[in-house]
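# Fold and contact review
What follows is each chain in one-letter form.
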Amino acid sequence: MSYIRSRFEHPATPRNSLGYTQRYYEGSLSTLCAGCGHDSISAAIVQACFELSIEPHKVAKLSGIGCSSKTPTYFLGQSHGFNSVHGRMPSVATGANMANQDLLYVGVSGDGDTASIGMGQFAHVVRRGLNMLYIVENNGCYGLTKGQDSATADKGSKSKKGAVNPYESIDLTSIAIELGATFVARSFSGDKTQLVPLLKAAMAHKGFAFIDIISPCVTFNNHNGSTRSYDFVRDHIQATGAVDFIPLKDEITAEYEEGTLHDVTLHDGSVMRLKKASRNHNPMDRVEALRVLREAELQGEVLTGLMYIDQNSDDVHAMMNTTETPLNQLGESVLCPGSEALQKINASFR
Amino acid sequence: MSYIRSRFEHPATPRNSLGYTQRYYEGSLSTLCAGCGHDSISAAIVQACFELSIEPHKVAKLSGIGCSSKTPTYFLGQSHGFNSVHGRMPSVATGANMANQDLLYVGVSGDGDTASIGMGQFAHVVRRGLNMLYIVENNGCYGLTKGQDSATADKGSKSKKGAVNPYESIDLTSIAIELGATFVARSFSGDKTQLVPLLKAAMAHKGFAFIDIISPCVTFNNHNGSTRSYDFVRDHIQATGAVDFIPLKDEITAEYEEGTLHDVTLHDGSVMRLKKASRNHNPMDRVEALRVLREAELQGEVLTGLMYIDQNSDDVHAMMNTTETPLNQLGESVLCPGSEALQKINASFR
Amino acid sequence: MNPIAAVNDFVIKFANVNGTGSSSANGLFVKAVFRMGVPVSARNIFPSNIQGLPTWYQVRINEQGYLGRRGGAVDFMVSLNPQSMQKDIAEVQSGGYFLYDSTKPLDPSLQRDDIHFIAIPLMEICIREYTDARQRQLFKNVIYIGALCALLDMEFQVFVDLIQEQFRSKEKLISSNIHALELGYKYAQEHFQCPLGLKIHRRDKVGDAIMLDGNTATALGAIYGGATVAAWYPITPSTSVVDAFDKYANRLRVDPASGKKNFAIIQAEDELAAIGMVIGANWNGARSFTATSGPGVSLMSEFLGLAYFAEIPAVLIDVQRAGPSTGMPTRTQQSDILCAAYASHGDTKHVLLFPSTPKECFEMTADAFDLAEQLQTPVIVMSDLDLGMNDHMSEPFDWDDERKYKRGKVLNAEQLEAISDFGRYTDVDGDGICYRTIPGTHPQKGAFFTRGTSRDTKAIYTEDGEKYVENMDRLIKKFETAKHYVHKPELSHNNDARIGMLYFGTSSHAVNEAIAALKEQGEKMDAMRIRAFPFNRDIDDFIAAHDKVFVVEQNRDAQLRSLLMIENHVPCTKLLSVLNYDGMPITATQIVNEIQRQLGRVEPPLASVTPIHQHKQES
Amino acid sequence: MNPIAAVNDFVIKFANVNGTGSSSANGLFVKAVFRMGVPVSARNIFPSNIQGLPTWYQVRINEQGYLGRRGGAVDFMVSLNPQSMQKDIAEVQSGGYFLYDSTKPLDPSLQRDDIHFIAIPLMEICIREYTDARQRQLFKNVIYIGALCALLDMEFQVFVDLIQEQFRSKEKLISSNIHALELGYKYAQEHFQCPLGLKIHRRDKVGDAIMLDGNTATALGAIYGGATVAAWYPITPSTSVVDAFDKYANRLRVDPASGKKNFAIIQAEDELAAIGMVIGANWNGARSFTATSGPGVSLMSEFLGLAYFAEIPAVLIDVQRAGPSTGMPTRTQQSDILCAAYASHGDTKHVLLFPSTPKECFEMTADAFDLAEQLQTPVIVMSDLDLGMNDHMSEPFDWDDERKYKRGKVLNAEQLEAISDFGRYTDVDGDGICYRTIPGTHPQKGAFFTRGTSRDTKAIYTEDGEKYVENMDRLIKKFETAKHYVHKPELSHNNDARIGMLYFGTSSHAVNEAIAALKEQGEKMDAMRIRAFPFNRDIDDFIAAHDKVFVVEQNRDAQLRSLLMIENHVPCTKLLSVLNYDGMPITATQIVNEIQRQLGRVEPPLASVTPIHQHKQES
Ligand SMILES: Cc1ncc(C[n+]2csc(CCOP(=O)(O)OP(=O)(O)O)c2C)c(N)n1
Ligand SMILES: Cc1ncc(C[n+]2csc(CCOP(=O)(O)OP(=O)(O)O)c2C)c(N)n1
Ligand code: SF4
Ligand code: SF4
Ligand SMILES: [Mg+2]
Ligand SMILES: [Mg+2]
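Since the structure is predicted, the reported quantities are computational estimates derived from the model, not experimental observations. (Residues numbered from 1 in each chain as written. Chains lettered and ligands numbered in written order. Predicted model: local features only at pLDDT ≥ 70, side-chain atom pairs only at ≥ 80, totals over all residues. Heavy atoms only, no water.)

### What about the overall build of chain C?
Secondary structure assignment for chain C yields 20 helices and 23 strands. Its C-alpha atoms give chain C a radius of gyration of 27 Å, near enough to 25 Å, the size a compact globule of 619 residues would have. In chain C, which comprises 619 residues, the share counted as buried stands at 69%. Look at the contacts in chain C between residues 6 or more apart in sequence, and 74% of them connect residues 24 or more apart. As displayed, chain C offers around 19100 Å² of accessible surface, 48% of which is attributable to carbon and sulfur atoms. Across chain C, 62 positive and 76 negative side-chain charges occur, with their mean positions spaced 2 Å apart. (Helix = DSSP H or I, 4+ residues; strand = E, 2+ residues; numbered from the N terminus. Rg over C-alpha atoms; globule rule 2.2 N^0.38 Å. Buried < 20%, exposed > 50% of the residue type's maximum accessible area, 1.4 Å probe, protein only. Contact = heavy atoms within 4.5 Å. Areas by Shrake-Rupley, 256 points an atom, 1.4 Å probe, with all protein chains shown as cover. Lys, Arg positive; Asp, Glu negative; His and termini not counted. Charge placed at Lys NZ, Arg CZ, Asp CG, Glu CD.)

This is the structure in structure tokens:
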């Protein structure tokens, strides 16, 4: 949403241990639709970074293409960002990480960007255990290209145009666990009390941390369930065939207790049942994590919380035995073997 | 292996219900290395098709690129084949299937072709439930490009060049189940008694059938375990740095009982422990299938057999409600709405 | 102040906010002009964003039929977006008009003395009339259209008819929309001296023309051309091609008896998969296509090379947008020409078609399926955002009911039966095109192995250099044969001039207008519109017959000119470039100015590059 | 029968079976020739297969230093492969020699009266000498090398030295190999009149040259050029670039104290990921590269457009093979030129370098990292299979220890501190190259957002057409600046002639030899070797200074000629093509014949295409 942000800051504004206010962690004004779940996630990232007293310039923000992938512009304005090409953020993040292992890499992607075009790169960045936080802002559709089903859309759900999705939905959380991610969580954009701590834990995690964040698309939401009621405006839009009218809507929030269920009514009137993993869930057990996820799915519930963590996870640099100095800081003296060595090399080819 | 195949056929050679001999189902001479597991798989496919009395011209063979992807040339010489580009067989198969739902589609791929470059397309062809048999001839390495680790290589295993693989191995069987495949099995190239029936069942299955076939690479096998003994020849090859010498080896076979373990000694002397799923395994339970697979993995065993089947699976055409006549057989009269309809369309744009 | 006065010849622009439902209202206005028999064109200038950002809709009304974008200032601005108001006011021609929502008073600093402000309290009216927030939003748009009807002296009944047709039997919607129209109409009549100097009066200048966007026309071409399998991945500005295919296929291609579909649409996981599916389906004998834009073409390039080399038909619609990379995804350009013509590594050449109107989108797309099957190779239809996503006036579509699909050299079971030795890549007819078979045709004959590796005439893998060369040379021969088959250029302006112009696609409107303007300025010009690649003799002859030839195109690097130089024997000095690549459709003024500039110059006039040709660094 | 007699000037070819260990033995032979001071080249002709298929190794020994492939018949054939024996015998020059394993008697039908058969019962000897099957196989190769030593009058000690060096302190391996050599040597001496007419005698013609394959040299260039991140996906013939980088990095780039690596190599999941990683690493300030071949370049094309437009350095090694599609993966070609120069949709242009020797592979690769960072754009090193995978004689590498890496315009923390308003895409210096910053440099300053979409000079997203054009024009200016930086062409033959020749890469050998041959035939020629794209004035001048210019290249479509026509003001009629694209390196004979043919012709001599230029089909 575009609005004019005031530049005024009260002197008593809270500051973190680095002396920065939370506003210091913000980015440019968002141009997303009013009420878009993605904006809530940006706000949560701002809060998490503020609370963790992260140096913004020690963060690199990376993304692909989509509404979700635009969001890195909207947080951490003092960090370098890279809005790459559709579905290929993981490879760019991998290269960046190889160049400098000392930064915090925050990758933001969408369900289209990750589960469709990016599925291959996603699988492999997980498998490599790259030290990064990978966020999917999951709205079950392609927001930026106007609402087509994504591969995470529920089987049987209806898209904006009314077509029923006949295909299996991809559960990125399970896939991430299956492929060896060492921190896997799911949350909801409107549940800041759950989301902020998860983001903080994920940022602190060494290795690959994945958070699948359900983030309703105000404009093209397409969860199953019937429409709330006969809607004059909807009918009007259908009749004209133009999808250029987007009613202003509010952000959906949902804060609830661990171990409980919570029904969230989405913008189209459909209901999504969130379930927060109970305090008893043991997130150290990979097989168990997969089981509870599947069970919830069969119940028609969306399980949230920290699903799996391996606290002994290693950074890929440790596995690769790369030097501790970031590679981008090595100069000629270290990198270039010099002419003497070259003479020996020449000799070996005679 | 290249050899000259005799053209002679004894009149008493067994024939199937179509009157064809098994040889009728063969293809061109293989140019793979002597003893390559992939050749055993081709032979099993020949046998399965022969036994099922399949009309060869009603089969389309599709593959990507790799030693494994070459094999469709070596079976079913009377079928059309398509050796496409690396990792993209699933999309070509999808298009082909859309054009004509009446053929049997046999896709052959390698672990590199599927689990690396092809991971995205693999995930999506599974998700769509395309009616096809998808075979991965899994040797844990890139045979055709001379032995690099593939994404299915075991973590910690050593490649031909001695490098230790630091990455998680991708278990395609679990991934296929996770993504909604309705027939998922694993087998071993040298175990014809297990493999042929699985192939036959998979060919008969309506929907997406996946078989992950462990198929040792004679030349660049890279399973973990130590080398058998000091080997003069090996040393010789290492010293010259040339990887152009490939000792002739025999096919590895392994036939064993359900529910039992079987240790297979691979060409480099390492041992792989196969475990055949027990008769009690219920292949109708998806969660259970994932659990037993993971359990075996933790035990260092490779579980084989039919892991999961959903007998109520549907063809994607049914979900899409496409007409029963293959689309490639519809002519102008059905496809072209004609000039009268076009006049109405014109009118609608005035 | 001198108010602009004109009948049926002016530009009106609507400044809206994305996602507020304005585009259907604006479309209603344009349709009404068209219904009044007056030529009109409309261009949507929209952001790569879903809601809340500025979007414009520029309408050119021109009785003479010049419908290209008219650059420069506009005559009438309808301003609904406070964000862009300053810029929008500045854009109005001196003496022009500025209609705005006066619910909030105009910032005095924005006042201009030389234009007419038309203040209508749109939101105020809505708040009074409607309670629901969304209805207020929606009808605001209809109200200003009603006002325009009065202000521009248009026929109210035309709007009423349009609304009735649009909402068919939904009475409630009809009456409420007409009511909103009336609100605006009356307000204007009561508060302003209607009509203004600008008027739209009924004429009979559109004949039997139709008005629609190129992407819909393309989709209809695919339906009529017999496409049964569409595989795609969403990308602006191509998405609506498949959307429209979906819509019309569900109307025209569902078996009435069984309710089953005589088509299949697959939303692929990405563009690599989309083109793979198209290749798989065509290989298996179904007509299949995909639609994409620049980034998709890049991703498809490996597969396009396979289709070229393995000789598999494929139809690809490239609705071009401004590159490179993600570029300006909602702006137009003709900048994928080289990338499409030579897509993929190794020696490859692809057939391109260049439609310039919705009718040509329809025809060329239908033809593309014939060509792809006849030539057994990919055919790429090079549309662009301007053509694809904007409504254009066009000749109506027609279809010869006698027309049969040209499936090319496909052997059926009987033919195979009669053949003793089938060779998939044997050039039996000497035209470089061989016979193919479809899987499942014959139990014993005709099976072969398709591959992207080199092969002999029987489709057997080979690494024999001679056989490879023979095959590559045959592909060149086939490309020569393609020159017989593709659409020939159109000699659009024949004035017996010494100077010529070559152009293609959406530059047509601007070129036509420019030629007339140049004539007035005393500069006689001939012009030829290129409709396909490979080029053929007509183009050589045209170039030979002129002293200088301007090549008009909408990209930076003069890509079509490059193609002409590579493929034909054209001396580079003869070909001059007129380029536009700012993402907006080229205008007649740009062309006229650029040509006059170059004709007045002395130095050899070439592209925008001045080579430096020196060495700073010795190496 | 007249036996061929020659000293240090003949061609010997080894016919082996894939996977039998012959290539190390054959390499030993070539190294021995080289050690004897005689110029030699060797080409591996191998199938796309791992084991059991025919493979050849063709060695040209030429005292004058002409080391291009010599086409036509061979002087000496060493036949170890019964599968290809018939063909191999036919390939021997009349008067030539044919050495074969006579354990199995020669099929009488294969006899030829005009060549010398040298029968050695290789397998029989092995069976007698060794018990292990694999040793028998392996040493068979060494035995025929021993025989050649005697037959060709070579110095036995040279072989002994080589074996000792190769196996270092592994005594057992040394003695057994020397024993095998002796077996062959003695057998030859005892059974044939040694030496034959063909002889290799010591000379001092190789100077301080080294001998290695281009891919190893490329890898060393990357090491010396400061590459720290290599990301790749295996593909023939580029795989050995990263293999060698791995090998040398593990030798030269491991911190002695900690044992940790000052480099990272990632085997990516495919080529899209490989180039993505390279872009990510370069963006983050590390020098990073990838190596691939044609299909990989096609797959990388979307990302290359991003790097061009977002201005991110990247180094890509394209070891070209025969296309299109999977083509002939183990054959050579120069056919990715157009595809690389204009990779990606939209208006893009990329910097290309064309090495022609291992030394240039080394230097140009090292330079590529400087160029990529100085120009902030991808630099593509266009090698090929012939250069990359075969051993070539080359000048030795050298390195100036004073050389500093040219990191281009990168701002460090102090510089940022001093700057008041940093604009990532502001052309401060007027050369089209802007200043960049690396993440993590400064706590408050220099952060910006990198994107593939259009942007203003401050890197802020914009859809403003003017700003877009400004940026695109700056990129053209930068490409002009690149002409200052890239490697200038080499005027390799200056004979004050009216006819010129342009060529690049691995055509060098053949061109040098052809020029000498043409001179003998009375045809004087100048020649210039192109070393980089964009081209600069030297090339224009060269073309202008000649009446006709032949462009020699190894592809079907005259791709470099196309590039010359597009980018320079070159009249097409002046540029004639000499093309070879059968997958084997071009030969001097081919060049000579083609030039003579074209010079003798009357009609305008152009490419291989005869345009048809007619219409069969009206549309
Ligand atoms: C190669 C390529 N193909 C297609 C597109 C068009 N495109 C832009 S965003 C997008 C989908 C975005 O969906 P998602 O990642 O779920 O993000 P959301 O907008 O829903 O947040 C697509 C298909 C593109 N930019 N590049
Ligand atoms: C786009 C592309 N990249 C790389 C290659 C080179 N390549 C050919 S086969 C292969 C790997 C094959 O591995 P796998 O699929 O496991 O087959 P295997 O040979 O092991 O049976 C690779 C990388 C290629 N042909 N195309
Ligand atoms: S379209 Fe959907 S995802 Fe995109 S900004 Fe709007 S609400 Fe968010
Ligand atoms: S290299 Fe390995 S996979 Fe390839 S043919 Fe040989 S044994 Fe089989
Ligand atoms: Mg989404
Ligand atoms: Mg493999």
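### Some remarks on the packing of aromatic side chains
Considering all chains together, one arrives at 62 aromatic pairs over all chains under this definition. Ring geometry for D:Phe98 against D:Tyr100: centres 6.0 Å apart, planes inclined by 35°, an arrangement best described as tilted. The residues D:Phe98 and D:Tyr100 share a single accessibility class, namely buried. Among the aromatic residues, those joined into a ring-pair cluster are A:Tyr20, A:Tyr24, A:Tyr25 and A:Phe50. Across from the ring centre of C:Phe309, 4.3 Å away, lies the NZ or CZ of C:Arg455, which sits over that ring. Over the ring of D:Tyr425 we find D:Arg455; its NZ or CZ atom is 4.5 Å from the centre of that ring. (Phe/Tyr/Trp six-rings, centres within 6.5 Å; stacked < 30°, edge-to-face > 60°. Lys NZ or Arg CZ within 6 Å of the ring centre and 35° of its normal.)

### Regarding the site of ligand 2
B:Ser68, B:Asp111, B:Gly112, B:Asp113 and D:Glu271 are the nearest of the 23 residues found near ligand 2. Near ligand 2, the surrounding residues belong to chains B, C and D. B:Gly112 is positioned with one of its backbone polar atoms (N or O) 2.8 Å from an oxygen atom of ligand 2. B:Asn139 places a polar side-chain atom, nitrogen or oxygen, 3.0 Å from an oxygen atom of ligand 2. When ligand 2 sits alone it has 590 Å² of accessible area, and the protein chains cover 98% of it. (Near = heavy atom within 4 Å. Polar contact = N/O pair within 3.5 Å; in protein donor to acceptor, adjacent residues only side chain to side chain.)

### A look at the packing of helix α13 (residues 358–375) of chain C against helix α16 (residues 465–485) of chain C
Residue and element names in this part refer to chain C. Close contact between α13 and α16 brings their axes to 11 Å; oriented N to C, the two are set at 150°. The pairing of α13 with α16 is recorded here as roughly antiparallel in orientation. Seen along the crossing, α13 lies across α16 with a hand that is right-handed. Residue-level contacts link Leu371, Gln374 and Leu375 of α13 to Lys478, Ala482 and Tyr485 of α16. Split into classes, the residues belonging to the contact of α13 with α16 amount to four nonpolar, one polar and one charged. (Axes fitted to C-alpha atoms, helices over the stretch in contact; angles between N-to-C directions. Parallel < 35°, antiparallel > 145°, perpendicular 65-115°, else oblique. Left-handed = near helix turned anticlockwise from the far one by under 90°. Nonpolar A, V, L, I, M, F, W, Y, C, P; charged D, E, K, R; others polar.)

### Observations concerning the coordination of the magnesium ion (ligand 5)
Residues and elements named next belong to chain A. Every protein donor of the magnesium ion (ligand 5) is listed here as Asp111 (OD), Asn139 (OD1) and Cys141 (O), and their distances to the metal cover 2.0 to 2.2 Å. When the donors of the magnesium ion (ligand 5) are listed by position in the chain, the intervening gaps give D-x27-N-x1-C. Judged by its relative accessible area of 5%, Asn139 falls in the buried class. (Donors = N, O, S within 2.8 Å, 3.2 Å for Na, K, Ca; no water.)

### Considering the coordination of the magnesium ion (ligand 6)
Each donor-metal-donor angle in an ideal tetrahedron of four donors is 109.5 degrees, and each such angle in an ideal octahedron of six donors is either 90 or 180 degrees. The coordination sphere of the magnesium ion (ligand 6) contains the protein donors B:Asp111 (OD), B:Asn139 (OD1) and B:Cys141 (O), at a distance range of 2.0 to 2.1 Å. Classification of B:Asp111 by relative accessible area gives buried; the value is 2%.

### A look at the interface of chain C and chain A
Many analyses report the size of an interface as the accessible area lost when the parts associate. Between chain C and chain A, the contact holds 40 residues from the first and 39 residues from the second. Interface of chain C and chain A: buried area, both sides summed, is about 3100 Å²; carbon and sulfur atoms make up 58% of it. Summed over the shared surface of chain C and chain A, the number is one salt bridge. Note that C:Asp270 and A:Arg88 form a salt bridge whose closest N and O atoms lie 3.8 Å from each other. Applying the counting criterion to the chain C and chain A interface returns seven residue pairs in polar contact (both at pLDDT 80 or more). The element that contributes the greatest number of residues to the side of chain C that touches chain A is helix α4 (residues 133–151) of chain C, accounting for five residues. Residues that form the side of chain C that touches chain A fall into these classes: 13 nonpolar, 19 polar and eight charged. (Buried area = accessible area lost by both parts, 1.4 Å probe. Salt bridge = Lys/Arg side-chain N within 4 Å of Asp/Glu carboxyl O.)

### Points about the side chain of A:Ser69
All names here are of chain A. Secondary-structure assignment places Ser69 in helix α2 (residues 67–70). Ser69 sits in the buried class, given a relative accessible area of 1%. Non-local contacts of Ser69, meaning those with residues more than four positions away in its chain, are made with Ser63, Gly64, Asn83, Val108, Ser109, Gly110 and Asp113.

### Some remarks on the nonpolar core
For soluble globular proteins, nonpolar side chains are generally found buried alongside one another. Ranked by size, the top nonpolar core spans 316 residues in total, and within it C:Phe245, C:Phe289, C:Leu502, D:Phe245, D:Phe289, D:Phe397 and D:Leu502 carry the most contacts. Residues in contact with D:Phe289, not counting those within four places in the same chain, are D:Ala222, D:Ala227, D:Val229, D:Ala230, D:Ala231, D:Val241, D:Phe245, D:Val278, D:Val315, D:Ile317 and D:Phe369. (Core = buried A, V, L, I, M, F, W, Y, C linked by side-chain atoms within 4.5 Å.)

### A few points about the domain arrangement of chain C
All names here are of chain C. Here chain C is partitioned into domain 1 (4–199), domain 2 (212–394), domain 3 (409–487) and domain 4 (490–616). Of the residues lining the interface, 26 residues belong to domain 2; the matching set on domain 4 comes to 26 residues. Contact between domain 2 and domain 4 buries roughly 2100 Å² in total, counting both sides, with carbon and sulfur atoms accounting for 55%. Counting the contacts that link domain 2 with domain 4 gives three salt bridges. Note that Glu360 is salt-bridged to Arg531, the shortest N-O span being 2.8 Å. Here domain 2 is connected to domain 4 by 16 residue pairs in polar contact (both at pLDDT 80 or more). Mapped by element, the contributors of at least two residues to the side of domain 2 that touches domain 4 are α12 (337–341), β14 (351–353), α13 and α14 (385–389). At four residues, the largest contribution of residues to the side of domain 2 that touches domain 4 is made by α12. (Domains from an automatic or database assignment.)

### Some details on the interface of chain D and chain C
Chain D puts 88 residues into the contact, and the matching count from chain C is 87 residues. For the pair chain D and chain C, the summed buried area comes to about 7800 Å², and 55% of that belongs to carbon and sulfur atoms. The tally of links from chain D across to chain C stands at two salt bridges. In this structure, D:Arg331 and C:Glu463 form a salt bridge, with 3.6 Å as the shortest nitrogen-oxygen distance. For the pair chain D and chain C, the number of links is 38 residue pairs in polar contact (both at pLDDT 80 or more). Of all elements in the fold, only α10 (294–310), α11 (337–341), α15 (465–485), α17 (537–544) and α18 (559–567) of chain D reach the threshold of two or more residues within the side of chain D that touches chain C. The element best represented in the side of chain D that touches chain C is α15(D), accounting for twelve residues. Among the residues forming the side of chain D that touches chain C, the class breakdown is 33 nonpolar, 35 polar and 20 charged.

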